[in-house]
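Here are the chains, one letter per residue:
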Amino acid sequence: MDHGYEVKLFESSSAPGGRVGTRVITAIELPKGLSGEVAFDHGAQYFTVRDQRFSELAAEWERDRAIAKWTGRIVSFDGEGWEDTNENTARYVGTPGMSAIVKAMAVGLDITFGYRVDSLEPLLRDFDRVVLAIPAAQSQRLVADIPALASKFRDVSMRPCWTVMAAFEERVAARFDAAFVTGSALGWIARNSSKPKRNWKIDTWVLQASTAWSMAHVNDQPEDVGAFLMEAFEDLIPTGLPRAFYASVHRWREAAAEPPMAVGVIHDPESRITLCGDWLRGSRIEDAYLSGVAAAMI
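Residues numbered from 1 in each chain as written. Predicted model: local features only at pLDDT ≥ 70, side-chain atom pairs only at ≥ 80, totals over all residues. Heavy atoms only, no water.

**Regarding the overall build of the protein chain**
Part 1 of the argument: Looking only at helices and strands, one finds eight helices and 16 strands in the protein chain.
Part 2 of the argument: Against the compact-globule benchmark of 19 Å for 298 residues, the protein chain has a radius of gyration of 20 Å, which places it among compact chains.
Part 3 of the argument: For the protein chain, the C-alpha atoms occupy an extent of roughly 60 × 40 × 40 Å along the three principal directions.
Part 4 of the argument: Across the 298 residues of the protein chain, 45% fall into the buried class.
Part 5 of the argument: Across the protein chain, contacts joining residues at least 24 apart in sequence account for 71% of those joining residues at least 6 apart.
Part 6 of the argument: Split by element, the accessible area of the protein chain, about 16000 Å² in all, is 48% carbon and sulfur. (Helix = DSSP H or I, 4+ residues; strand = E, 2+ residues; numbered from the N terminus. Rg over C-alpha atoms; globule rule 2.2 N^0.38 Å. Buried < 20%, exposed > 50% of the residue type's maximum accessible area, 1.4 Å probe, protein only. Contact = heavy atoms within 4.5 Å. Areas by Shrake-Rupley, 256 points an atom, 1.4 Å probe, with all protein chains shown as cover.)

Written out as structure tokens, the structure is:
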């Protein structure tokens with residue numbers, strides 16, 4: 001739009017964001033004494049800022065109160081003990097959920113929701129250029145008949161991530177708000193309710209399995225995954241866990257590229273198709289944004 005183009009977006013889901021999402025649980029009966037919303041950032045947990053271009057955008061979001069710094073205590077666990085992480089790292093989250101980031105970006109855009117693209121031919125007939133900002137496997141399927149683009153996927157390997165969302169009747173007795181975990185099926189655990197503008201009255205947690213465990217169990221049944229990861233979480237809490245009145249599981253089939261392609265963007269002028277996304281640059285929210293910027297500059 002800044003370059004004079006008329007832009008139309010098609011989104012397969014009912015809301016923008018993908019892994020920068022917030023799951024709000026509705027139609028749930030709360031235990032006595034608890035009140036308010038039950039919600040989870042079940043994908044991206046936070047973001048950091050390194051690039052000046054992204055820093056300027058993040059400053060706008062902060063001024064508009066779409067994001068805030070997360071100042072919770074974040075530790076690491078190596079199987080033997082807990083250790084505080086680098087306190088100099090500024091971590092930001094969307095408020096009141098991670099989805100607020102993409103909602104802020106979507107203001108004023110022409111978006112059709114619930115539209116799944118199964119073929120690029122209709123779009124290429126109606127538009128001068130098509131930009132795919134979707135996971136690698138979906139991009140690969142859509143450009144399979146275009147040799148200049150299909151050949152780019154030979155070195156792409158996307159990794160899954162199993163995620164558990166749990167809400168407890170009482171506060172979990174953890175002296176931290178989030179932890180990077182090694183030596184466990186879990187890779188990350190976070191007290192979602194410790195983030196700014198969340199409902200602190202209900203203790204909600206997000207548990208994300210390690211990449212290795214998720215790959216080894218990618219086709220397991222969700223209920224089995226949930227039970228196992230909740231046990232792994234309890235193993236990390238010496239006093240045990242209070243009763244969870246809500247728990248659900250989500251499988252991200254394409255959570256991250258390992259390693260990412262580190263090319264930023266792929267463009268084929270002959271087909272008029274451009275590919276962008278975090279998997280083409282890194283694994284962070286900033287990488288996704290900068291890949292999109294690179295696509296817009298072509």
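Text resumes after the structure shown.
**Overview of the sheet that holds strand 10 (residues 158–168)**
Part 1 of the argument: Strands sit in the order 6-5-11-12-13-10-14 across an open sheet of seven strands; the sheet is mixed. The open sheet has two edge strands, strand 6 (82–84) and strand 14 (244–257), and neither has a second partner. Within the sheet, the average angular offset between the axes of one strand and its neighbour, ignoring direction, is 20°.
Part 2 of the argument: Looking at chain direction, strand 5 (residues 74–77) and strand 11 (residues 178–181) are connected through four bridges and run parallel. Across the sheet, residue Ser76 finds its bridge partner in strand 11, namely Phe180.
Part 3 of the argument: The sheet contacts of helix 7 (residues 222–236) involve strand 5, strand 6, strand 10, strand 11, strand 12 (186–191), strand 13 (203–209) and strand 14, and relative to strand 10 the element is tilted by about 70°. (Pairing = 2+ DSSP bridges. Axes fitted to C-alpha atoms, helices over the stretch in contact; angles between N-to-C directions.)

**Overview of the nonpolar core**
Part 1 of the argument: In this structure, Ile189, Trp205, Leu229 and Phe233 are the most contacted members of the largest nonpolar core, which totals 26 residues.
Part 2 of the argument: Among all residues touching Phe233, those that are not within four sequence positions of it are Phe168, Val172, Leu186, Ile189, Trp205, Leu207 and Leu241.
Part 3 of the argument: Formed by 20 residues, the second largest nonpolar core is a distinct cluster that contains Val20, Tyr92, Ile101 and Ala178. (Core = buried A, V, L, I, M, F, W, Y, C linked by side-chain atoms within 4.5 Å.)

All quantities given are derived from atomic positions and should not be read as evidence of function.
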